[in-house]
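Structure assessment
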Amino acid sequence: MTAPAAPVVIRRSRPEDLGAVLRIEHLSFSDPWTADALYGELGADALRLSLVAERAGQVCGYLMAWLVVDQLHVLNIAIDPDARRLGLGTALLAEAARRAEPLGMVDVTLEVRRSNTGARQFYRRHGLREVGLRPGYYGDNGEDAIIMTGPLSDLAALSGPAPAGAGAEGENPD
Ligand SMILES: CC(C)(COP(=O)(O)OP(=O)(O)OC[C@H]1O[C@@H](n2cnc3c(N)ncnc32)[C@H](O)[C@@H]1OP(=O)(O)O)[C@@H](O)C(=O)NCCC(=O)NCCS
């Protein structure tokens, strides 16, 4: 994994991130969420944990999750195609885990398209296991979803993309 050229900040998403998030969403998915659906996840409340990764002041990735009993349920994660394989997805997942643990979350769960081999590999790399299938889950093409899960504690221990000295990673408390 190569360190990104500019420092990275992981922070809570805000409604004004919508434009950048929508752009990345459309570059990343064949069946993107609508602006309304994304907007609904960007604000903060007790059931939602949504983060963005900023590099040189530009939003270049995001993660949206719900806090469900003791599960951090990741709804959506995407990185700008120009910024992939730089550790940003890992940094978002790790920071979400670090913020979710004190809120009583124990595991992470998510659904991923069967054909999304890159994302499946990304999650496996971080200790998630494929534990089930939702047949025909995706409405656009009837594709199956693979259910993946793993312990939050493993994710929380992951390091970010920019080790000290290689361009510091900032993590704002907000
Ligand atoms: C999946 C995604 C979020 C990963 O983010 P990322 O910032 O590129 O991932 P990282 O750089 O943190 O990757 C960490 C490790 O995961 C694995 N990995 C990540 N992307 C991978 C890919 N496309 N193929 C195989 N392995 C991959 C690698 O082991 C990688 O380490 P390496 O680069 O040293 O080999 C990103 O590829 C993306 O936005 N994809 C499109 C949207 C999407 O499919 N989201 C998931 C929906 S469920």
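Structural data are supplied above this passage.
Residues numbered from 1 in each chain as written. Predicted model: local features only at pLDDT ≥ 70, side-chain atom pairs only at ≥ 80, totals over all residues.

**Examining the overall build of the protein chain**
Regarding its fold elements, the protein chain presents 5 helices and 8 strands. Ordered by position from the N terminus, the helices and strands of the protein chain form the series β-α-α-β-β-β-α-β-α-β-β-α-β. When contacts within the protein chain are restricted to residue pairs at least 6 apart in sequence, long-range pairs at least 24 apart make up 66% of them. (Helix = DSSP H or I, 4+ residues; strand = E, 2+ residues; numbered from the N terminus. Contact = placed C-beta atoms within 7 Å.)

**Side note on unusual backbone geometry**
We note that Val 69 has phi near 55°; this positive angle belongs to a residue other than glycine. Residue Val 69 is classed as exposed on the basis of its 8 C-beta neighbours within 10 Å. One non-glycine residue, Arg 85, adopts positive backbone phi at about 60°. Relative to the helices and strands, Arg 85 is located in the loop between strand 4 (71-79) and helix 3 (88-100). (Buried ≥ 20, exposed ≤ 12 C-beta atoms within 10 Å, placed from the backbone.)

**Points about the nonpolar core**
Counting 40 residues, the largest nonpolar core has Tyr 62, Leu 63, Leu 72, Leu 88, Leu 92, Ala 96 and Ala 97 as the members making the most contacts within it. Element by element, the count of residues in this core is highest for helix 3, at 8 residues. (Core = buried A, V, L, I, M, F, W, Y, C linked by C-beta atoms within 7 Å.)

**Details of the environment of Ser 153**
Within the secondary structure, Ser 153 sits in helix 5 (residues 152-156). Linking Ser 153 and Ala 100, residues 53 residues apart in sequence, is a C-alpha distance of 9.9 Å.

**Description of helix 3**
Note on helix geometry: an α-helix contains 3.6 residues per turn, so any two residues three or four positions apart are oriented the same way. Taking 1.5 Å of rise per residue, the 13 residues of helix 3 would be expected to cover 18 Å, and the 18 Å separating its terminal C-alpha atoms lies within 8% of that figure. Counting buried residues along helix 3, 11 of its 13 residues qualify, which places the element largely inside the surrounding structure. For helix 3, the full list of buried residues reads Leu 88, Gly 89, Ala 91, Leu 92, Leu 93, Ala 94, Glu 95, Ala 96, Ala 97, Arg 99 and Ala 100. (Expected span 1.5 Å × (residues − 1).)

**A word on the pairing of strand 3 (residues 58-68)**
Across a regular strand the side chains alternate sides, sitting on one face of the sheet and then on the other. Relative to strand 3, strand 2 (residues 48-55) is paired through 8 bridges, and the arrangement is antiparallel. By the bridge assignment for strand 3, Ser 50 is matched with Met 64. Between strand 2 and strand 3, which pair antiparallel in sequence order, lie 2 residues; one of them, Ala 56, sits at a positive phi of approximately 50°. With 8 bridges joining them, strand 3 and strand 4 adopt antiparallel strand pairing. Paired with Tyr 62 across the two strands is Ala 78, which belongs to strand 4. (Pairing = 2+ DSSP bridges.)

**Describing the environment of Arg 124**
Tracing the chain through its elements places Arg 124 in helix 4 (residues 117-125). The exposure class of Arg 124 is partly exposed, given the 13 C-beta atoms found within 10 Å. Separated by 24 residues in sequence, Arg 124 and Met 148 have C-alpha atoms that sit 8.6 Å apart.

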